[in-house]
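Structural overview
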Amino acid sequence: DWPRTWKSHAIFASQFPAMSGTIDWMRYTTRVDDPVVADLPVSTEHDGVSVAEAPELETFLGLGFSPEQREKIDEDELRVFDRYTPEFSFYCAESRILGGPVGEAAIFRFLPRRAEVSRDAFDKFLRQDYAHLCAGMAGTLGAQRWAINLTVKTPPPDFPFEAIEESWFPDIET
């Protein structure tokens, strides 16, 4: 099944100790099959997402792999995915609104930028006005961690958004 196949790639790639830094945490989230969970509109277009945090972006770029290691990893990526992972990786910097632990449940929102809004204005709005709004709602909603992730590289062409918002909860009931 898909989640096991996906995780098998991470296990395979982990045998090559060539990362230039450390990963603080990583979560694999699979698609929600019931699109009306908690009466929220939930996309079923994607099979899941891997979310990871590291102090340095270079950790995820795999620059330390030998050509032979890179070839093996690329081959395994095509076993699992329809293309190489850098082609659909969304590199961003986190701006934490509420600094608590990641929980057992999360809601990810993919935030597009309107064409008439500059990138600087979009980022400023998310970091200031929108962050203030989210911080005010966090307690009422039971969120224990809230963050906005803004791109540090141009998103892949098939990503119609430039930021990802994440709200973490202790459990699905919250």
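Scroll up to find the structure.
All of the points below concern the structure found in this document. What you see is a predicted model, and the numbers here were worked out from it, not measured in a lab.

Turning our attention to the environment of lysine 72. For lysine 72, the position within the fold is in helix H3 (residues 67–80). Spatially, the C-alpha atom of lysine 72 lies 8.7 Å from that of alanine 13, the residues being 59 residues apart in sequence.

On to a nonpolar patch on the surface. Together, Leu133, Met137 and Leu141 make up an exposed nonpolar region whose accessible area comes to about 250 Å². Within the fold, leucine 133 resides in helix H4 (residues 119–141).

Moving on, we get to the sheet that holds strand S4 (residues 105–111). In space, the four strands of this open sheet follow the order S3-S5-S6-S4, with antiparallel pairing throughout. Bordering the open sheet on either side are strand S3 (92–98) and S4, each of which pairs with just one other strand. Pairwise comparison of adjacent strand axes, ignoring direction, gives a mean angle of 20° for this sheet. Alignment of strand S5 (residues 145–151) against strand S6 (residues 163–169), held across six bridges, turns out to be antiparallel. Pairing of arginine 145 across the sheet is with tryptophan 168, part of S6. Lying on the sheet, H4 is in contact with S3, S4, S5 and S6; it crosses S5 at an angle near 170°.

All right, on to the side chain of glutamate 162 then. Tracing the sequence through the fold places glutamate 162 in the loop between S5 and S6. With a relative accessible area of 16%, glutamate 162 lands in the buried category. Among the polar contacts listed, one links the side chain of glutamate 162 to the side chain of arginine 113, at a separation of 2.9 Å. Not counting chain neighbours up to four residues away, the residues in contact with glutamate 162 comprise Phe90, Leu111, Pro112, Arg113, Arg119, Phe122, Asn149, Leu150, Thr151 and Pro155.

Parameters and conventions
Residues numbered from 1 in each chain as written. Predicted model: local features only at pLDDT ≥ 70, side-chain atom pairs only at ≥ 80, totals over all residues. Heavy atoms only, no water. Helix = DSSP H or I, 4+ residues; strand = E, 2+ residues; numbered from the N terminus. Patch = residues over 30% accessible without salt bridge, like charges linked within 9 Å, V, L, I, M, F, W, Y side chains within 5 Å. Areas by Shrake-Rupley, 256 points an atom, 1.4 Å probe, with all protein chains shown as cover. Salt bridge = Lys/Arg side-chain N within 4 Å of Asp/Glu carboxyl O. Pairing = 2+ DSSP bridges. Axes fitted to C-alpha atoms, helices over the stretch in contact; angles between N-to-C directions. Contact = heavy atoms within 4.5 Å. Buried < 20%, exposed > 50% of the residue type's maximum accessible area, 1.4 Å probe, protein only. Polar contact = N/O pair within 3.5 Å; in protein donor to acceptor, adjacent residues only side chain to side chain.

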